[in-house]
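Overview (structure and organization)
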Amino acid sequence: MSDKIPNMDYDADEVIENFKAKFKWPNSGDVEVVVKPKKLGLKLLVSFLITLVISGAVYYIMYPALNFKSSDLYTFVIAIIAIFFFSFSILIGARKKVEAREYAKKKSVIPVVIALVIILVMAVGYLCGATIFRAKSYSKLMEVSNSNFSEDFENINYDEVPRLDRQTAKVLADQQLGYLDEYKSQYVVTNESTQINYKGKPVRVAYLQYADVFKWFNNTKNGLPAYMLIDLVSQKVQVVNCVEKFGEGIKYSPTELFNEKLLRHLRFQYPFAIMDNPNFEIDDNAHPYWITPVLDKTIGLFGGTDVKGVIITDALDGESNYYSIDTVRTDKNLNWIDVVYNEDLIIQQYNYYGKLSNGFWNSIIFQNDVNIASSGSGNIALDDDVWVYTGVTSIESDTSNFGFILCNQRTKETRYYKNGGAMEYSAVESAKDAVQNYGYNAIFPILLDIENQPTYFMSLYGDGYTIKGYALVNLEDKTLVGTGLVDVQKSDVKALNAAVSNYIDALKDKGVVDENANADDYKVEEDDSDKKESPKADASDSETKSVTGEIKDIKTSVNDGNTVYYLKIEDKYYYIKVTDCMEVLLMKKGDKVTVTFADDSGDFVLATSVKIK
C-alpha cells in the first residue's frame with residue numbers, strides 16, 4: 001500500500017517559483033529584438049486623428065493665442081505632443097506587449113527632444129526678458145513727467161468726485177436688482193465693474209451674470225437683459241434694460257458659456273492676439289461695449305507687457321473692431337473709451353520705473369532713488385478721462401508718501417506730484433478714529449485741493465456698506481480732520497458741507513490757512529431733493545390717504561445717502577426714509593401696520609408715516 005503513496009519529499013518554495021516562472025512577464029532586458037507593430041501606418045493615422053480631435057477640444061477650452069510671445073502656446077504644443085504619443089502607445093499595445101513598449105520607448109526620443117527644445121526656448125525667452133539683464137528697458141516702459149498739483153487739481157470739486165468705491169457700488173447695485181422681480185431670481189450683479197465718465201459724471205457700469213448654470217440654460221438664448229449704471233456722486237442706481245432700449249440683450253460676456261463666452265468669441269476672430277481682461281463700458285448713447293486690450297511683450301520673449309491696441313466689441317451682437325493704441329489716443333471718435341490700461345498694469349509699470357531706473361543691482365543693494373507705488377489705488381476724473389491715483393513711497397515700506405502719481409487709463413500719460421505726507425491707509429485710520437464711536441469704515445481716499453492744501457477725501461460707511469458720512473484728512477498732517485455725518489445732518493449734501501466746514505476750521509485752528517478762509521466757497525448747493533421738505537410736511541397740502549394691512553415683504557435701499565424702507569402691503573410697495581420714521585427699523589414681515597400717503601399712483605408709493613397697529 002505504501003507503494004501507492006506519492007513522494008512527499010519536495011520544497012514548497014521551489015514548486016511555487018517554478019509555477020510563477022510559467023506566467024512571468026518578460027523584462028525589457030529579456031527582449032533582444034524590437035518588433036515593428038503591425039499595421040503601423042494605419043495606427044499612426046488613427047493616432048493623428050485622435051490627437052486632432054482631443055487637441056481641438058483642448059484648444060476650445062484653453063483658446064491660447066497662436067503667438068510665439070504667449071507662454072500658453074508652448075504649453076499647448078507640448079500638450080499636443082503628449083496626446084499624440086500617448087494615443088499611439090495605446091494603439092500599438094505598449095501596455096500589454098513588452099516588445100511594443102520597447103518600440104514606443106525607442107520612438108519617443110523625437111517627441112521628447114521636441115518638448116525639451118520648446119522648454120529650452122521658453123527658458124531662454126524668460127532669461128532674455130529678465131529684469132536682472134534688462135532693467136533699463138523695463139524702466140522705460142512708462143514715461144513720467146513732473147506736474148503741478150495746484151494747477152491740475154484746480155478744477156476738481158470735492159462734490160463731483162466718486163463717493164463710492166467698487167465694493168460699495170456693488171452693494172447698491174445688488175439692492176436695486178433685488179427690487180426687480182423679473183431679474184432677481186435669474187441674475188446677479190457681477191463683482192467686476194468699470195469706472196468711467198458718462199456725460200461728465202463719474203459712474204460705474206456693471207454687467208449681470210446668470211445666477212447658476214440652470215439659469216444660463218433658461219436665459220442664454222435672449223442674453224443678459226440689462227446692466228447696472230451706478231452714479232458715484234448721487235449714489236443712484238439705474239437698471240438699463242437693453243431689450244427695451246436696443247431691442248436685444250447682451251449676448252456676449254465673460255460669464256457666458258461655449259461660443260458666446262467673450263474671450264473665446266474674440267479668439268476665433270483674432271487668433272494671434274494676446275488679450276488682457278475685457279472692460280465693460282458704454283458709449284454716450286448708453287450702448288454697451290467690451291473694451292479688450294491687446295498686449296505685446298516688448299522685452300525678451302515674455303517680458304515688458306504693454307498695450308499695443310484694443311478690440312472694441314458690441315456686447316449685443318458681438319461685432320468687433322481692432323484699433324491701434326495710437327488711434328485710440330488720437331481719434332476723437334474714440335474718446336468715450338476710458339479704460340485701456342488696467343490698474344494692475346499701470347502699477348506694475350510704475351514700479352519698474354521707480355525701482356529700475358538706476359539699474360537692477362541698485363534696486364537690490366544701494367537703493368538710491370528707489371521708490372514704488374503705495375498699496376492701494378483710486379480713480380478720479382480729470383480732463384474728461386479716468387485717471388488712476390496712487391501714492392509713491394520708499395521701497396522699505398515707510399509709513400508716509402513722498403509724492404503721488406496720476407496715470408490716464410486711456411493714454412497712459414503719467415504725472416508725478418512731489419507732495420508728500422501720510423499714506424492713504426494711514427489717512428483712512430485717521431478718519432475712522434474721528435468717528436470711532438460709530439464704528440464706520442472708509443473707502444480708499446482721493447486726493448483733492450482744499451485751500452491749496454492737498455487733502456484726502458473719503459466716504460464713511462457702516463456695516464451694510466451704506467454711506468454714513470464724509471471725511472477730509474490733510475495730506476501733510478493727518479491729525480487735521482473734518483467729518484460730516486448723514487444721520488446727524490439729516491442730508492447727504494449737508495453732511496458733505498459739514499465735513500468741509502469742520503476741516504477748514506481745523507486748518508484755521510492750527511494756523512495752516514488764513515482766518516479769512518471761507519468754507520462757503522466750497523459748499524454744495526442743495527438740489528431739489530435736498531431742499532424739499534419731508535413727506536410729512538408735503539402731505540399737509542393734499543388729501544391724506546391710508547391703508548392698513550400685513551407686511552408681506554420688506555426691502556431696503558440707499559438713495560442720496562439715506563436709507564429707505566419698502567414695505568409691501570397687498571400688491572404695492574410703500575416706501576419711507578428711516579430719518580422720517582425711525583419705527584420702521586423695528587418692523588418685520590407679518591406685522592400689521594397703517595400707512596398714510598398722499599398719492600397712490602404707481603407700484604411704488606411714497607409714504608408719509610407708518611405705524612404698527
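Remember, it's a predicted structure, so these values are computed and weren't measured experimentally. (Residues numbered from 1 in each chain as written. Predicted model: local features only at pLDDT ≥ 70, side-chain atom pairs only at ≥ 80, totals over all residues. Heavy atoms only, no water.)

So, on to the overall build of the protein chain. Tallying secondary structure elements over the protein chain gives 20 helices and 28 strands in all. Counting all 613 residues of the protein chain, 50% fall into the buried class. The long-range share in the protein chain, meaning contacts at least 24 apart out of those at least 6 apart in sequence, stands at 56%. Accessible surface, the protein chain as shown: approximately 31,200 Å² in total, 52% of it carbon and sulfur. (Helix = DSSP H or I, 4+ residues; strand = E, 2+ residues; numbered from the N terminus. Buried < 20%, exposed > 50% of the residue type's maximum accessible area, 1.4 Å probe, protein only. Contact = heavy atoms within 4.5 Å. Areas by Shrake-Rupley, 256 points an atom, 1.4 Å probe, with all protein chains shown as cover.)

Here we come to the nonpolar core. Inside soluble globular proteins, nonpolar side chains tend to come together where they are buried. Counting 94 residues, the largest nonpolar core has Tyr227, Met228, Leu406 and Met458 as its most contacted members. Within the second largest apolar cluster, 26 residues are counted, among which are Tyr289, Val307, Val392 and Cys407. (Core = buried A, V, L, I, M, F, W, Y, C linked by side-chain atoms within 4.5 Å.)

The interhelical angle for the contact between helix H6 (residues 131-139) and helix H14 (residues 343-356), taken along N-to-C directions, is 110°, at an axis separation of 9 Å. With respect to H14, the element H6 is oriented roughly perpendicular. For the pair formed by H6 and H14, the contact residues are Thr131, Ala135, Tyr138 and Ser139 on the first element and Tyr352, Tyr353 and Leu356 on the second. For the contact of H6 with H14, the residue count by class is 5 nonpolar, 2 polar and no charged. (Axes fitted to C-alpha atoms, helices over the stretch in contact; angles between N-to-C directions. Parallel < 35°, antiparallel > 145°, perpendicular 65-115°, else oblique. Nonpolar A, V, L, I, M, F, W, Y, C, P; charged D, E, K, R; others polar.)

Turning our attention to the confidence of the model for the protein chain. Detailed reading of the predicted coordinates is not advisable wherever pLDDT is low. The pLDDT averaged across the protein chain works out to 87; a share of 90% of its residues lies at or above 70. Mean pLDDT across the elements of the protein chain bottoms out in helix H20 (residues 535-539) (36) and peaks in strand E9 (residues 288-299) (98). Within the model, the stretch residues 528-542 combines pLDDT values under 50 with 16 contacts to residues more than four positions away or in other chains. (pLDDT = per-residue confidence, 0-100.)

Moving residue by residue along a regular strand, the side chains alternate between the two faces of the sheet. Burial runs high along strand E22 (residues 467-474): 7 of the 8 residues are buried. Summarising the sheet, strand E21 (residues 453-461) and E22 pair through 7 bridges and their orientation is antiparallel. Bridge pairing in E22 links Ser459 to Tyr470. Strand direction decides the pairing type here: E22 and strand E23 (residues 481-485), joined by 5 bridges, are antiparallel. If you follow Gly469 over to E23, its bridge partner there is Leu485. Hairpin geometry of E22 and E23 is characterised by an intervening segment of 6 residues between the two adjacent antiparallel strands. (Pairing = 2+ DSSP bridges.)

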